[in-house]
Each structure stands twice: as C-alpha cells, then as structure tokens.
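Chains, contacts and geometry: an overview
The chain contents come next:
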Amino acid sequence: MGSKARFTVEDATRWVRPMGWATLVANCVLVVTGGAVRLTGSGLGCPTWPRCTEDSYTPHGELTVHAAIEFGNRMLTFVLVAIAVATFLVAWRTRRSDLLRLATLLAFGIPAQAVIGGITVLTDLNPWVVSFHLLCSLAIIALSVRFLQVARAPVGPPARGGLVPLAWAMFAAGWAVLYIGTIVTGSGPHAGDEDSVRTGLDPLQVSQLHADAVFLLLGLTIGLVLALRATGAPRQAQRAARALLGVELGQGAIGFVQYFTDLPVVLVGFHLLGAALTSAALTWALLTVRHPQSSRQRLVDALEDGGDPRLREPAPLR
C-alpha cells in the first residue's frame, strides 16, 4: 500500500503566496461588485439583513434585477470566507507565526465586513456607514499586500529615519484621498437607492478638497520617486514607488473625466477599482521603503545585474 498523502510544510510554503494573491484579488473584486450594487441602485434590492426579505434568506417570487445584484454581492462573501479559511490553514501549516498572525487578521476581516454590510442595509444606506464599509475593504486589501510581502521571505526590522518619514507622509496622504473620495461619493448622485439620503455636504466643495488632497499625494509620491533614485535605494522600492505614481496618474485621469462628464456609472466603477489598486500600491510602496530587502531579493537583483551577489550590498535608505 502506498503511503498516505500529507500536506507538508514545503507544500504549504509553495501555496502561501498563491493564497495571498487570491485574497488580494478577491477583495478587489468585492470592491468592484459593491460599487456595482450602488451604481445600479440595488443597495436595497434585499431590504433587510441577514435575510434578503423578512421571510427568506434568498430572493423569491418576482425576482427583480436589483435583488439579484444585491444577493449576488452577498454570496461573494462565502467565496471570501473559503479563501480566508484556506489562507489561514496554509499559513498555519508553514509554522511561521508572522504569516499566521496576518492570516488570522484577514480571516476576521471577512465577518467584520459582513456585519458592517448588514448595518449599511439596516440604516437604509447611510452614506457615512457606506463610506466605512468601503474603507474596511481597502484596509483588508492593504493587509493582503503585507501578507504577500511576508510570504515572499521573512522581512527584517523596519528602517528608521531617511526616506521612511516621507513614505509615511505619502501613505497618510493617500488614505486621506481615499477617505475624502468616499465622502464625495456620499455627497453625489449615486446613493445606491433612489430614496437613500446624502451627506448634505456641497459636492463641489468636497470634490475640490478631494482634488487638493490628490495633488498633495502626487507631490509626495514624485518626491519619493526622485529621492529613491537619487539615493540609490533598492530596486524593489523604486519599482514600487513608480508603480504607485502610475496608478495615481491613471486614477486622477479617470476622476477628472468622470467629474466633467456628470459621473457616468462605468467611469465611477473604474474609479472604484482604481481605489482598490491605490490602496494596494500605497501599501507596497511604504513597505518596500520601511523594510530593507531580504537577502533573497538582494540575490535576485544581483543576478539580474550580472554581478556577484556576495559583493553586492543594498544601498542604505538615506
């Protein structure tokens, strides 16, 4: 008889990064589908929670398009739960406490989001609760990026001084942009249901504040890109900063076009996807500056440059 198959530590180590990517992608999809619920006016397609109607967990009778869209978004939660459980089990099997801690936080994020989503429905899509719902998804995306960084290789202690404060300032400005963006949406026409209330704030003034925060973020990001290049920082940090700048420019372009074309739902949907990518790129840029490269990444960079990895040391983040 053959030996019984076992899921070894080596097997878990091979699976940990794919599960991290699955977590990241699934949560980005959740942001987009949640936006679709709002943009199609389906926020109260299932008017109560956790049931869809007062007497059923699923839509029944004369099924409307709005009910189908809202119920479909709720069902995505089960996909996220399955991915979170699998990620937790894989992290646990690697016997690495750093991965297990992050996987546990990611797992708890899913039921927390479900509860916040329920509160969103029970408060008739209160725009401030809807804003918090989106921000929690963006925070889970950021945590997924951290999980992927740790899964690649154990990271060293965080760097201090130098460009780290600039990276933190950029990160804070980025989250200010994301938060103000949710207020802009809560003040505009896309309420998720025709009877839902708005924030009561002037959309023009809030949009101007959002644009000012975006310009601040762009300035800090450009400064970080130039500073990393000037100090000969590790290539991974330079790539991350450039990628973030690219995401910001694309997101800014979509934002300006949608504003001057009366917020078409397709562009708003792409803008929501951009918010998810911005959260991921912000986190990646901060982490690559805050944590020096692992020995494994230095080896990869050295071999790509055709040098001797034994002689190549990472440049300090001055």
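Note that the structure is a prediction, hence the values are computed from the model and not measured. (Residues numbered from 1 in each chain as written. Predicted model: local features only at pLDDT ≥ 70, side-chain atom pairs only at ≥ 80, totals over all residues. Heavy atoms only, no water.)

**So, the overall build of the protein**
Quick note on the threshold: Segments assigned H or I by DSSP are reported as helices when at least four residues long, segments assigned E as strands when at least two residues long, and all are numbered from the N terminus. Burial here depends on accessible area, computed with a 1.4 Å probe over protein chains only, as a share of the maximum for the residue type. Under 20% is buried, over 50% is exposed, and the range in between is partly exposed.
Summing up its helical and strand segments, the protein has nine helices and zero strands in all. From first element to last, N terminus to C terminus, the protein shows the α and β order α-α-α-α-α-α-α-α-α. Evaluated residue by residue, the protein yields a buried proportion of 46% over its 318 residues.

**Brief notes about a nonpolar patch on the surface**
To be explicit about the condition: Like-charged residues within 9 Å of one another, or nonpolar side chains (Val, Leu, Ile, Met, Phe, Trp, Tyr) within 5 Å, are grouped into patches, provided each residue has over 30% relative accessible area and no salt bridge. A 1.4 Å probe and the Shrake-Rupley method give the accessible areas. Residues count as covered only by the protein chains that appear here. Whenever Lys or Arg places a side-chain nitrogen within 4 Å of a carboxyl oxygen from Asp or Glu, that contact is recorded as a salt bridge.
A surface patch of nonpolar side chains, amounting to about 570 Å² of accessible area, comprises Leu204, Phe215, Phe256, Tyr259 and Phe260. Among the elements of the structure, helix 6 (203-230) and helix 7 (235-260) are those that each provide at least two residues to the nonpolar patch. Ranked by the residues each element gives to the nonpolar patch, the list is headed by helix 7, at three residues. Within the secondary structure, leucine 204 is located in helix 6.

**Topic: the packing of helix 3 (residues 97-122) against helix 4 (residues 127-152)**
Angle between the axes and distance between the axes are the two parameters that describe a pair of packed helices. Convention followed: The axes are straight lines fitted to the C-alpha atoms, using for helices just the contacting stretch, and the angles between their N-to-C directions are given from 0 to 180°. Oblique is the label for any angle not under 35 degrees, not over 145, and not in the 65 to 115 range, which are roughly parallel, roughly antiparallel and roughly perpendicular in turn. Crossings are sorted by hand: turned counterclockwise from the far helix by less than a right angle, the near helix makes the crossing left-handed, and turned clockwise it makes it right-handed. Each residue is assigned to one class: nonpolar for Ala, Val, Leu, Ile, Met, Phe, Trp, Tyr, Cys and Pro, charged for Asp, Glu, Lys and Arg, and polar for all the others, Gly among them.
At their nearest, the axes of helix 3 and helix 4 sit 10 Å apart, and the two run at 165° to each other. In terms of orientation, helix 3 and helix 4 fall into the roughly antiparallel class. Considering only the axes of helix 3 and helix 4, their crossing is left-handed. Here the contact of helix 3 with helix 4 is built from residues that sort into 16 nonpolar, seven polar and two charged.

**Re unusual backbone geometry**
With a phi angle near 55°, aspartate 124 is a residue other than glycine that sits in the positive phi range. As for its position among the elements, aspartate 124 is in the loop between helix 3 and helix 4. Positive phi outside glycine occurs at aspartate 262, with the angle close to 65°.

**Focus: the confidence of the model for the protein**
The test is simple: Looking at any residue, its pLDDT shows the predictor's confidence there, from 0 to 100. The criterion used for residue contact is that any of the two residues' heavy atoms lie within 4.5 Å.
Looking at the protein as a whole, the pLDDT averages 84, with 86% of positions reaching at least 70. The secondary structure element of the protein with the lowest average pLDDT is helix 9 (residues 295-305), at 50, and the one with the highest is helix 6, at 95. A low-confidence stretch, residues 307-318 (pLDDT under 50), is modelled with 25 contacts involving residues beyond four sequence positions or located in other chains.

**Topic: the pattern of salt bridges**
Per the stated rule, a full pass over the model turns up two salt bridges. Put simply, arginine 96 and aspartate 98 hold a salt bridge, and the shortest N to O gap is 2.9 Å.

**With respect to the side chain of threonine 182**
Operational definition: Each polar contact in these results corresponds to two N or O atoms within 3.5 Å; when the atoms are within protein, one needs to be able to donate a hydrogen and the other to accept it, and residues that are neighboring in sequence are counted only if both atoms are side-chain atoms.
In this fold, threonine 182 is placed in helix 5 (residues 164-187). You can call threonine 182 buried: its relative accessible area is 7%. One polar contact links threonine 182 to serine 131, side chain to side chain, over a distance of 2.6 Å. Look past the residues within four positions of threonine 182 in its chain and what remains in contact with it is Ser131, Leu134 and Leu135.

**Notes on the packing of aromatic side chains**
Just so we agree on the cut-off: Between 30 and 60 degrees the pair is tilted, below 30 it is stacked and above 60 it is edge-to-face, where a pair is any two Phe, Tyr or Trp rings, Trp via its six-membered ring, whose centres lie within 6.5 Å.
All told, the structure shown has four aromatic pairs when counted by the stated rule. Note on tyrosine 259 and phenylalanine 260: the rings are 5.1 Å apart at their centroids and 90° apart in plane angle, and the pair reads as edge-to-face. Through a chain of ring-to-ring contacts, three or more aromatic side chains come together here, namely Trp168, Phe171 and Trp175.

**Description of helix 1 (residues 9-39)**
Basically, it comes down to this: Each residue after the first adds 1.5 Å to the expected span of a helix. One axis fitted to the seven residues ending at a residue, another fitted to the seven starting there: the angle between these axes is the bend at that residue.
An ideal rise of 1.5 Å per residue puts 45 Å on 31 residues; helix 1 measures up with 45 Å between its terminal C-alpha atoms. For helix 1, the principal kink sits at tryptophan 15 and spans about 30°; a proline, proline 18, occurs within the next four residues. Glycine 41, located one to two residues past helix 1, shows a positive phi value of around 70°.

**Side note on helix 6**
An ideal rise of 1.5 Å per residue puts 40 Å on 28 residues; helix 6 measures up with 40 Å between its terminal C-alpha atoms. Sitting at the amino-terminal end of helix 6 is aspartate 202, which places a side-chain oxygen 3.0 Å from the backbone nitrogen of leucine 204. Positive phi shows up at glycine 232, right after helix 6, with a value of about 65°.

**Some thoughts on the packing of helix 1 against helix 8 (residues 265-290)**
Viewed as axis vectors pointing N to C, helix 1 and helix 8 meet at an angle of 150°, and their least axial separation amounts to 9 Å. Overall, the two elements helix 1 and helix 8 adopt an arrangement that is roughly antiparallel. Between helix 1 and helix 8 the crossing geometry is right-handed. Here Leu24, Cys28, Val31, Val32, Gly35 and Leu39 of helix 1 come into contact with helix 8, specifically with Val265, Val268, Gly269, Leu272, Leu273, Ala276 and Ala280. A class-by-class count of the residues in the contact of helix 1 with helix 8 yields 11 nonpolar, two polar and no charged.

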